[in-house]
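# Examination of the molecular architecture
Here is how the chains run, residue by residue.
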Amino acid sequence: KWPNLRPKLQPKNRVWKMFNFPVLEVAAGIILSQNKFLAAKRPSGKPMAGFWEFPGGKIRKGESPFDALCRELEEELGIKPLKGNYLFCREHVYAEEGFIVRLHFFIVPQWIDEPQPREGQEIAWLTPDQAAGMCFLPADQEIVAKIGKFSRMDSKHAFEAWGGENFHWPKP
């Protein structure tokens, strides 16, 4: 069963509810390895090109966040997650672009194959200090600011500290 997927970290200013913007459902992975996390830079030609983000992508109709993350990581990076921990859901309003993004975050501590950029994006393993000086998507900035504390923990303690749920992907 899926945990309660209502956003836990909502914007402090509830004015965004006045907008009648479409909601874009997205699954995002915080891929951890040796006190670093993987980030991807959006390539030119895509919306918000040049911003860094957590790997992941849109959830298709009828698809769970879990399934979407597996599909997106395979498509974008060529990796197959073996384990994932559902952390939480948060929303961010992109008023200038006219939509709300609802992000479902997972910690991904185990996977098969080495991440390779498959969609023209740049990827980098970052420490929290390195990430602090980079330009992340506005929806990801709060997570980047907090990740330093959790990246030094093993995945079990990190997802517990975030209040997440533990999920295991099927073995390939």
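Presented here is a report on the structure given in the accompanying data block. (Residues numbered from 1 in each chain as written. Predicted model: local features only at pLDDT ≥ 70, side-chain atom pairs only at ≥ 80, totals over all residues. Heavy atoms only, no water.)

## Some thoughts on the side chain of Glu76
On the secondary structure map, Glu76 appears in helix H1 (residues 65-77). Buried charge without a partner: Glu76 forms no salt bridge, and the closest opposite charge is Lys46, 5.9 Å away. In contact with Glu76, not counting residues within four places along its chain, are Pro55, Gly56, Gly57, Gln116, Pro117, Arg118, Glu119 and Gln121. (Helix = DSSP H or I, 4+ residues; strand = E, 2+ residues; numbered from the N terminus. Buried < 20%, exposed > 50% of the residue type's maximum accessible area, 1.4 Å probe, protein only. Lys, Arg positive; Asp, Glu negative; His and termini not counted. Salt bridge = Lys/Arg side-chain N within 4 Å of Asp/Glu carboxyl O. Contact = heavy atoms within 4.5 Å.)

## A word on the layout of surface pockets
Approximately 650 Å³ is the volume attributed to the largest pocket. Lining of the largest pocket is provided by 27 residues; of these, Leu24, Val26, Arg42, Glu53 and Lys58 occupy positions nearest its centre. Elements represented by at least two residues in the lining of the largest pocket include exactly strand E1 (23-33), strand E2 (36-41), strand E4 (56-58), H1, strand E6 (99-112) and helix H3 (138-151). Here the lining of the largest pocket is composed, by residue class, of 14 nonpolar, 3 polar and 10 charged. (1 Å grid on protein atoms, 1.4 Å probe; cavity = no way out; pocket = protein on both sides within 12 Å on 5 of 7 lines; lining within 4 Å. Points joined across faces, edges and corners; volume = space filled by probe spheres on them. Nonpolar A, V, L, I, M, F, W, Y, C, P; charged D, E, K, R; others polar.)

## Things to note about the pairing of E2
Here E1 runs beside E2; their pairing, made up of 2 bridges, is antiparallel. Each residue of the ladder has a partner; that of Leu32, found in E2, is Phe37. The hairpin formed by E1 and E2 contains 2 residues between the paired strands, and Gln34 there has a positive phi angle of roughly 50°. In this sheet, strand E7 (residues 122-126) lies alongside E2 in antiparallel orientation, the contact comprising 5 bridges. The partner of Phe37 across the bridge, within E7, is Leu126. Two strands pair when backbone bridges link them, and E2 and strand E3 (residues 52-53) are joined in this way by 2 bridges, in the antiparallel orientation. The residue of E3 that forms the bridge with Lys41 is Trp52. (Pairing = 2+ DSSP bridges.)

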